[in-house]
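# A look at the structure
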Amino acid sequence: MATLLHIDSSVFPEEASSSRAVTAAFREAWREHHPEGTVIYRDLAASPVAHITADAWSAGYTDPSDRTPAQNAAFAERLKLIEELEQADAVLIGAPMYNYSVPSTLKAWLDSVLLMGRTAGETPTAQGTPAVVVASRGGSYAPGTPREGFEFVQNYLEAVLKGTLGLDLDFIVPELTMAPRNPAMSELIPLYEASRKRAFKDATIKAERLAERLAA
Ligand SMILES: Cc1cc2nc3c(=O)[nH]c(=O)nc-3n(C[C@H](O)[C@H](O)[C@H](O)COP(=O)(O)O)c2cc1C
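Starting from 1, residues in each chain are numbered consecutively following that chain's sequence as written. Where totals are concerned, whole chains, interfaces and linings use all residues; where local detail is concerned, this predicted model gives features only for residues with pLDDT of at least 70, and gives and counts side-chain atom pairs only at 80 or more. Hydrogens are left out, water is left out, and the side-chain values use all remaining heavy atoms of the structure.

## Remarks on the site of the ligand
Here is the rule: Any residue with at least one heavy atom within 4 Å of a molecule or strand is counted as near it. Whenever two N or O atoms come within 3.5 Å, that pair is a polar contact, provided that in protein one can donate a hydrogen and the other can accept it, and provided that, for residues adjacent in sequence, both atoms are side-chain atoms. In these tables, accessible area is a Shrake-Rupley quantity obtained with a 1.4 Å probe, and a residue counts as shielded only by the protein chains included in the view. Both site types are read off a 1 Å grid over the protein atoms alone. A 1.4 Å probe that fits but cannot get out defines a cavity, while an open set with protein on both sides within 12 Å along at least five of seven lines defines a pocket; lining residues have an atom within 4 Å of a point. Just a note on the criterion: a molecule sits in a pocket or cavity if more than half of its atoms are within 2 Å of the grid points. Throughout, the ten residues Ala, Val, Leu, Ile, Met, Phe, Trp, Tyr, Cys and Pro are labelled nonpolar, Asp, Glu, Lys and Arg are labelled charged, and all others, Gly among them, are labelled polar.
Neighbouring residues of the ligand: 17 residues in total, closest Ser10, Ser18, Ser19, Met97 and Thr177. A distance of 2.8 Å separates a nitrogen atom of the ligand from a polar atom in the backbone of Asn99. Contact between the ligand and Thr177: an oxygen atom at 2.6 Å from a side-chain N or O atom of the residue. Considering the ligand on its own, with 630 Å² of exposed area, one finds that the protein chains cover 80% of that surface. Spatially, the ligand is embedded in the largest pocket. Here the shell around the ligand is composed, by residue class, of seven nonpolar, nine polar and one charged.

Right, dumping it as structure tokens:
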């Protein structure tokens, strides 16, 4: 039975969040193909994971029999997140752009999950797991746009999710989401609408393709 690890990190509720709406559409399409499957859901805005601490970090490189009680307690929380990633057949992440980068809650999750010698290193334990990231943003940072060089969401997640955890990474990018609310962007509304429509279509197509791939 297939397991989907679904993570959202937008601070807004689904009706006001492009990433949550698109991850929900993906998840719905996924469910249609995996009615018996499991979805592990983490809402990092509602229930943030702890920031990494010295105990949580050093425990990862200390023999279990030598860990202090504080290291054990802190590492137990990391382990839960690491095991969720390792048991997933597919990963779905909502990653809105906040000040050119990912929300700090998502960064905290990554800091916990990335463990050299286990999820990272020569043979990462989740290597090859397909991952779809819905990278919503208020503006556009597409190649050729004035703010192209300010894009630190896809660049960063490429390095961490693909380059380090070894996930098989794919993006859906609903952009220009601020256009309907920012009068200075009003002429960009048609581009925003087209991007949103494409994102929902991509979510359905990618969920279906993934279902076929996992069934093969
Ligand atoms: C704290 C914060 C910082 C933001 N920073 C940026 C930014 O740097 N660039 C941008 O294009 N949009 C920025 N936005 C707008 C969001 O990226 C946009 O609202 C996007 O749709 C958020 O994803 P969501 O709809 O899933 O919540 C920011 C929004 C918030 C709340």
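Alright, that's what it looks like, and here's the rest.
## A few points about the side chain of Thr119
What counts is decided by this rule: Per the convention used, a helix needs a DSSP run of H or I reaching at least four residues, while a strand needs a run of E reaching at least two, with both numbered from the N terminus. A simple rule labels every residue: compare its accessible area, found with a 1.4 Å probe on the protein chains alone, to the largest value its type can have, and call it buried under 20%, exposed over 50%, or partly exposed in between. Between two residues, a contact is recorded if the distance between any of their heavy atoms is within 4.5 Å.
With respect to the helices, strands and loops of the structure, Thr119 is situated in the loop between α4 (104–113) and β4 (130–134). By relative accessible area, Thr119 is classed as buried at 1%. In terms of polar contacts, Thr119 uses its side chain to reach the backbone carbonyl oxygen of Val113, at 2.7 Å. A distance of 2.8 Å separates a polar atom in the side chain of Thr119 from the backbone nitrogen of Leu115. Aside from chain neighbours lying at most four places away, what touches Thr119 is Ile82, Leu85, Glu86, Val113, Leu114, Pro124, Thr125, Thr164 and Leu165.

## A closer look at a nonpolar patch on the surface
Note the following rule: Exposure above 30% relative accessible area and the lack of any salt bridge qualify a residue for a patch; like charges then connect within 9 Å, and the nonpolar side chains Val, Leu, Ile, Met, Phe, Trp and Tyr within 5 Å. What makes a salt bridge here is a side-chain nitrogen of Lys or Arg within 4 Å of a carboxyl oxygen of Asp or Glu, nothing more.
A cluster of nonpolar side chains, contributed by Ile52, Trp57, Tyr61 and Met116, occupies part of the molecular surface with about 420 Å² of accessible area. Relative to the helices and strands, Ile52 is located in the loop between β2 (38–43) and α2 (54–59). The class of Ile52 is partly exposed, set by a relative accessible area of 30%.

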